[in-house]
Amino acid sequence: MEKFINQSPLFLVIICLIIGFAFLMKGADYFVEGSSSVAKRLKVPSIIIGLTIVAMGTSLPETAVSVTASIANNNALAISNVVGSNIFNMMFVIGVCSILATIGVKRETIIRDIPLSLVCATLLLIFGYLAFGDRSHMILGRFDGIIFLIIFAVYVLMMVFQAMRARNNQEVVQLETMENEELMIMSYPKSLLCIIGGAAAIAFGGDLTVDAASRIAIDFGMSQNLVGLTIVSIGTSLPELVTSIVAARKNEVDMAVGNAIGSNIFNILMVLGIASAISPLQLIGENIIDIVVLVVFSIVVWFFGATKKEISRTEGIIMICLYLCYSAYIIMR
């Protein structure tokens, strides 16, 4: 595929990029539907499905792109894709949702989810810049990736135990997406077909997206970092954006903010954990600046949510303006 992309005219490369995004999104959709059906047939509680399978499913496009980029030694694309997606989720997705409907932020989100997302971003900065794990400056190494994956496993177990405890206490918690509410439970063969087909579509879409984005970067003189922070990060964040907007429009505002924050946690712990465990990721100075911006934006969202236990329309507009200012900065630098 890489050879075909490099020999194709630019307009065809752009079409391939769009096709890659389409495969990523539909592949993730089918993967989630198939996995959810299997889980429901096995009598796994719905809340656990929402906290694990659905949450990881929305991060599958970022996983495919970053892992593919890591294998292809496009390290700048692997890092910037995750950081760019997280900034987009934090500021633009939540900002748009708060404009559609004032977002009430739950106590658990303020004291657990947003702080954990902030901790993950801070750990990424520490591991990459200060070389806490592999003792190598400006490299996210294999040992760092293993640490991320261990934290990720603990986080998933914590969510599962909390969900089971809430279920035992007969607390009604709605954490599934709109699509899952309407999901018809499929047979095992159909579920297996969706899982395998979805995974194959994600793998193909990730490969196509990375190759096309790399070619565009070369033709326009853009850096891999810039492409990852703009084209690729926004493209792979479309599932989170669409899901959160649908949730906000149907007044499921807690689901909207939870989807964005949860995806950010998965992106750093799982996506970069897998990518760096496969191949050490070399960071550049611009990566550090972008991670610092992610940390600052996380604090802003935390402050907005904690002050009145809600994110208002005015605060949403401020968040979108901050994201647009950041976008202008990365394009001009």
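In what follows, the structure referred to is the one given above.
Remember, it's a predicted structure, so these values are computed and weren't measured experimentally.

**Description of the overall build of the chain**
Looking only at helices and strands, the chain has 14 helices and four strands in total. Within the chain, the fraction of its 333 residues that count as buried is 56%. Long-range contacts, defined here as pairs at least 24 residues apart, represent 83% of the contacts in the chain between residues at least 6 apart. When the accessible surface of the chain is summed, it comes to about 14,300 Å², and 69% of that surface belongs to carbon and sulfur atoms.

**As for the nonpolar core**
If you look at the biggest cluster of nonpolar residues, it comprises 81 residues, and the most contacted ones within it are I94 and L140. Here this core gets twelve residues from one element, more than from any other, and that element is helix α5 (residues 75-100).

**Some points on the packing of helix α4 (residues 60-71) against helix α9 (residues 188-220)**
Where α4 meets α9, the axes come as close as 8 Å, and the angle between the chain directions of the two elements is 55°. Classified by the angle their axes make, α4 and α9 are oblique. Between α4 and α9 lies a crossing of right-handed hand. Only I202, G206, D207, T209 and V210 of α9 make contact with α4, whose side of the interface consists of L60, A64, V65, T68 and A69. Split by residue class, the contact of α4 with α9 holds six nonpolar, three polar and one charged.

**Remarks on helix α14 (residues 313-332)**
Between the first and last C-alpha of α14 there are 29 Å, a value that for 20 residues agrees with the 28 Å anticipated at 1.5 Å per step. Among the residues of α14, those classed as buried are E315, G316, M319, I320, Y323, Y326, S327 and I330. End-on view of α14: buried residues confined to an arc of 140°, all on one side of the axis. Opposite the buried face of α14, at more than 90 degrees from it, the exposed residues are T314, C325 and M332. Elements in contact with the buried residues of α14: α5, α10 (224-236), α13 (285-308) and β4 (310-311).

**So, unusual backbone geometry**
Within the chain, K309 stands out as a residue other than glycine whose phi angle is a positive 60°. Mapping K309 onto the fold places it in the loop between α13 and β4.

**Side note on the pattern of salt bridges**
Tallying each qualifying case throughout the model produces two salt bridges. A salt bridge links D113 to R112; the nearest nitrogen and oxygen atoms lie 2.7 Å apart. The class of R112 is partly exposed, set by a relative accessible area of 26%. D219 is paired through a salt bridge with R215; the nearest N and O atoms lie 2.9 Å apart. Placement of the pair is D219 and R215 together in helix α9, with a separation of four residues, close to one helical turn. Overall, R215 belongs to the buried group, its relative accessible area being 12%.

Cut-offs applied
Residues numbered from 1 in each chain as written. Predicted model: local features only at pLDDT ≥ 70, side-chain atom pairs only at ≥ 80, totals over all residues. Heavy atoms only, no water. Helix = DSSP H or I, 4+ residues; strand = E, 2+ residues; numbered from the N terminus. Buried < 20%, exposed > 50% of the residue type's maximum accessible area, 1.4 Å probe, protein only. Contact = heavy atoms within 4.5 Å. Areas by Shrake-Rupley, 256 points an atom, 1.4 Å probe, with all protein chains shown as cover. Core = buried A, V, L, I, M, F, W, Y, C linked by side-chain atoms within 4.5 Å. Axes fitted to C-alpha atoms, helices over the stretch in contact; angles between N-to-C directions. Parallel < 35°, antiparallel > 145°, perpendicular 65-115°, else oblique. Left-handed = near helix turned anticlockwise from the far one by under 90°. Nonpolar A, V, L, I, M, F, W, Y, C, P; charged D, E, K, R; others polar. Expected span 1.5 Å × (residues − 1). Arc of directions from axis to C-beta. Salt bridge = Lys/Arg side-chain N within 4 Å of Asp/Glu carboxyl O.

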